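Residue-level listing of the chains:
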Amino acid sequence: MSSDQGPLRPGNPKPWNDPRVRSLVFQIIAMAAVAWVGYTLFQNTITNMESRGIKTGFGFLNETAGFGIIMSLIEYNETMTYSRTFLVGLTNTLLVSGLGILFATIVGFIVGIARLSTNWLVAKLALAYIEIFRNVPLLLQIFFWYFAVLGNLPGPRQATEVAGVAFLSNRGIIIPKPVFESGAGWMGMTLVIALIVSTTLVIWARRRQAATGRIFPAFPVSLALILGLPTLVYFLTGQPIGWDIPTFGTFRFTGGITAIPELGALLVALTIYTATFIAEIVRSGITSVSSGQTEAALALGLPPRRVLRLVVVPQALRVIIPPLTSQYLNLTKNSSLAVAIGYPDLVNVFMGTSLNQTGQAVEIVAMTMAVYLTISLSISLLMNIYNRAVALEER
Amino acid sequence: MKKTIMTMGLAATGLLAFAGSAQAATLEEVRDAGEMRCGVSNGLPGFSQPDSSGNWSGIDVDTCRAVAAAVLGDADAVEFIPLTAAERFTALQSGEIDMLSRNTTWTTTRDASLGLNFTGTNYYDGQGFLIKTALGVDSAYDLDGAAVCTQAGTTTELNLADFFRANDMEYDAIVFDTSEASAQGFDNNRCDVLTSDTSQLAALKTQLSDPESAEILPEIISKEPLGPVVRQGDDEWFNVVKWVLFGQINAEEYGITADNVDEMMDSDNPSVQRILGESSNMGEILGLDDDFMVEVITQVGNYGEMFERNVGPDTPLGLNRGNNELWTEGGILYAPPFR
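Residues numbered from 1 in each chain as written. Chains lettered and ligands numbered in written order. Predicted model: local features only at pLDDT ≥ 70, side-chain atom pairs only at ≥ 80, totals over all residues. Heavy atoms only, no water.

The name recorded for chain B in an unreviewed UniProt entry is Solute-binding protein family 3/N-terminal domain-containing protein, from Spiribacter curvatus. We quote the UniProt Sequence similarities (unreviewed entry) comment for chain B here in full: "Belongs to the bacterial solute-binding protein 3 family." (UniProt positions renumbered as here; feature names shortened; annotations may be inferred.)

Within an unreviewed UniProt entry, the label attached to chain A reads ABC transmembrane type-1 domain-containing protein, and the organism entered is Spiribacter curvatus. Checking UniProt for chain A, the heading Sequence similarities (unreviewed entry) contains the comment "Belongs to the binding-protein-dependent transport system permease family. HisMQ subfamily."

Right, dumping it as structure tokens:
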């Protein structure tokens, strides 16, 4: 009878004994609590700010900012609005973070591999570099590069000149600015064509190698195409690029492109500091690949450089990418130390000056936090996509 | 700096979480705590600067001490909280400090939209330019193209932009987050000119590696009335801070000093008697003891003494009274009467 089946096949447990129901209930309670706390904080803030006569809302973004910013990638002057200062700060943050990530990755990979070199001197130099720069606080390094190194360059009047067109002083590096005249468009088009041809060439070379095993020197040929073709067109079209050469006025150089020392110091410090961590990550990744892999590859007669590139690094990437992602995030967040030396990043321009001129602390801090969150999540997403792409395919 | 960002983050969070109840009770809170928290500059000679053993001095510091003397009877019952220009208002709004005394310019925006009240002016200033003598420039109107060091989040930054725009000149703004950093930038020749309130320029000049190598240009490009600030919505506390400063100015006008305050108690002058609480309930209506000005003058001094001690001609800053002279002496210092 049915009552006899009870002990043999237990039916559904009572809801309060069901682990799935329980966990669902507790999660709903937790969510509700978080939402309630958030709502209370929000209401409390609005009430407090109103009762204290503090202006709220995002209307300030359309007001005129009225202060100067030394460097902007987009057009900016004092008559523009606070939303513009936000964009100027944002693009400056993206610039220094993007360049920092690029350079730190290059330096980090080189040092990480050098650390494992069989050459004693190379390995020890890499070790010394890592230990020194990893253990000195980043802020001190930024000050070092800014005040001690770049600050000691000569003043603009005594600038070191390179061939009379580029100048190095404590106001930064000033190089001639290219002025594109009619005809320069042809060069751009040739460059695009060269890029397309090179890409096709690389794909073709890879297929041919897979099919026949013969190797085609795709890299040098592509390089020659990309550099050579536009240069050829440059002369054929009658040299359509002019140069705006910087000249010295009363106080400073006018014309040309200026790279300000604040950017230089911040970039160098971020690169050198983060590269030490990346080097260690690369080292750990490479050591994680079993030495049998290297030995097998060498036994096949592959040269050591190709062993590294084709056998070791692809397997090491599995281990390298997740911690590398967090170094990229760190570098981006550390770029906010810019404020210490006056590089106009988001924190300096927007959360510093704009906040103080408008007094809209809550709105501006919230916007700045949202930006860093978005940047971090984007980096994380891209790196996860890449990680999936390089994942080992077991066959 | 990282600390700045963290403090600002904390202050903003404080603003979020602050309970709505503590609206009008700063005076009681200060009495209960037995100590006043006063926001000051993090190092500006003559205005507020700690010495090697952590004792603060300066005219802004003395303004805090005077309020503490009036409220708590002890000019030393102050916790000084150093703030950068960018942190100062949030710190006050969020209740992290009870009053702000940090060479802050009184402007419409700040007074009307930040939930703050300016209680008066303890130094009438104006913005000027400090320049390396070697550049051979002797007027601010010849600064076209100059790199200018300044401090983030100040009215200085805005006046600078206005001045160059109005005169159709270009400039590079090199913005640092503290006044020392901007002075260091100037010292290192990162910029040609340092701009700030002239009193600050005088102070920063003394800190240069070679103070004689720089000079202040004659042009004053703005009005900068500097004074203490309190939160809006607490009229009792607003009155206390306001009338301590007025009291010090009135005391100077009637010749009451730290040295003669005891003799002045016996003065026949009714104005003096009212200031010193001999024949009035001025203290009581402000929520203080009637002899609160006696404590202020004994412990801190009148306005003139405060000025002479911190920024006057005999100090490294060597500033003349100028506009900060009493109205009776040709200046614009004019306090409403104790009555």
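Lay out the UniProt feature "domain: ABC transmembrane type-1" (unreviewed entry) in chain A with the relevant residues and their values.
Look at the UniProt record and you will see "domain: ABC transmembrane type-1" (unreviewed entry) annotated at residues 90–383 of chain A. The span residues 90–383 of chain A is 70% helix and 9% strand, and its two end C-alpha atoms sit 21 Å from each other. (Helix = DSSP H or I, 4+ residues; strand = E, 2+ residues; numbered from the N terminus.)

Outline the environment of F216 of chain A, supporting the account with residue identities and numerical values.
Residue and element names in this part refer to chain A. Structurally, F216 is set in the loop between α6 (184–212) and α7 (218–236). C-alpha of F216 to C-alpha of R206: the two residues are 10 residues apart in sequence and 8.3 Å apart in space. Look past the residues within four positions of F216 in its chain and what remains in contact with it is L201, W204, A205, R208 and V221. (Contact = heavy atoms within 4.5 Å.)

Describe the nonpolar core, listing the residues and the values that go with them.
Core analysis: the largest hydrophobic core is formed by 148 residues, its most contacted members being M36, W237, I256 and L276 of chain B. Broken down by element, the residue count for this core peaks at 14 residues, all from helix α8 (residues 261–288) of chain A. Setting aside chain neighbours within four positions, we find L276 of chain B in contact with I256, V261, M264, M265, D290, D291, V294 and I297 of chain B. (Core = buried A, V, L, I, M, F, W, Y, C linked by side-chain atoms within 4.5 Å. Buried < 20%, exposed > 50% of the residue type's maximum accessible area, 1.4 Å probe, protein only.)

Outline a nonpolar patch on the surface, supporting the account with residue identities and numerical values.
On the surface, a cluster of nonpolar side chains totalling about 360 Å² of accessible area is made up of V21, V25, F26 and I29 of chain A. Note on placement: V25 of chain A falls in helix α2 (residues 19–51). (Patch = residues over 30% accessible without salt bridge, like charges linked within 9 Å, V, L, I, M, F, W, Y side chains within 5 Å. Areas by Shrake-Rupley, 256 points an atom, 1.4 Å probe, with all protein chains shown as cover. Salt bridge = Lys/Arg side-chain N within 4 Å of Asp/Glu carboxyl O.)

For the state of the cysteines, give the residues involved together with the corresponding values.
Residue and element names in this part refer to chain B. Going through the model one piece at a time under the given rule, you end up with 2 disulfides over all chains. Across a sulfur-sulfur distance of 2.0 Å, C38 and C64 are joined as a disulfide pair. Its S-S torsion of approximately -65° makes the covalent link between C38 and C64 left-handed. With a gap of 26 residues between them, C38 in strand β1 (residues 36–41) and C64 in helix α3 (residues 59–72) connect regions that are remote in the sequence. Given the relative accessible area of 0%, C38 is considered buried. Take C64: its relative accessible area is 0%, and that puts it in the buried class. (Disulfide = S-S within 2.5 Å.)

Any details on helix α2 (residues 26–33) of chain B? Residues and values, ideally.
Residues and elements named next belong to chain B. Burial in α2 covers these residues: T26, L27 and V30. Angularly, the buried residues of α2 cover 105° about the axis, an arc narrow enough to put them on a single face. In this fold, the buried residues of α2 make contact with β1, α3, β14 (229–231), α9 (235–253) and α12 (282–286). Backbone geometry just after α2 places G34 at a positive phi near 70°. (Arc of directions from axis to C-beta.)

Before we move on, could you go through the UniProt feature "domain: Solute-binding protein family 3/N-terminal" (unreviewed entry) in chain B and cite the residues and values that matter?
Within this structure's numbering, the places UniProt gives as "domain: Solute-binding protein family 3/N-terminal" (unreviewed entry) are residues 35–264 of chain B. With 34% helix and 24% strand, residues 35–264 of chain B has end C-alpha atoms that lie 29 Å from one another.

Could you give an account of the sheet that holds strand β8 (residues 257–259) of chain A, naming the residues involved and the relevant values?
Residues and elements named next belong to chain A. Spatial strand order, β1-β2-β3-β8: 4 strands in an open sheet with antiparallel pairing. The outermost strands of the open sheet, each flanked by one partner alone, are β1 (160–162) and β8. Here the strands of the sheet are splayed against their neighbours by 15° on average, with no regard to which way each runs. Judged from the 3 bridges that link them, β1 and strand β2 (residues 166–169) form a sheet pairing that is antiparallel. Following the sheet pairing, E161 is matched in β2 by F167. (Pairing = 2+ DSSP bridges. Axes fitted to C-alpha atoms, helices over the stretch in contact; angles between N-to-C directions.)

Residue-level account of α3 of chain B, with values.
All names here are of chain B. The terminal C-alpha atoms of α3 lie 20 Å apart, and with 14 residues this matches the ideal 20 Å at 1.5 Å per residue to within 8%. Most of α3 is tucked away: 13 of the 14 residues are buried. Two residues or fewer past α3, G73 is found with a positive phi of approximately 75°. (Expected span 1.5 Å × (residues − 1).)

Could you give an account of the sheet that holds strand β11 (residues 193–197) of chain B, naming the residues involved and the relevant values?
All names here are of chain B. Here 5 strands make up an open sheet; going across it, the order is β10-β9-β11-β8-β12 and the pairing mixed. This sheet does not close on itself; its edge strands, each paired only once, are β10 (171–176) and β12 (214–216). Neighbour-to-neighbour, the strand axes of the sheet open up by a mean angle of 30°, direction not taken into account. Pairing of strand β8 (residues 127–132) with β11, which is carried by 5 bridges, proceeds in the antiparallel orientation. By the bridge assignment, Q127 is partnered in β11 with D197. Against the sheet, helix α8 (residues 198–205) touches β8, β9 (146–151), β11 and β12, its axis set at about 125° to β11.

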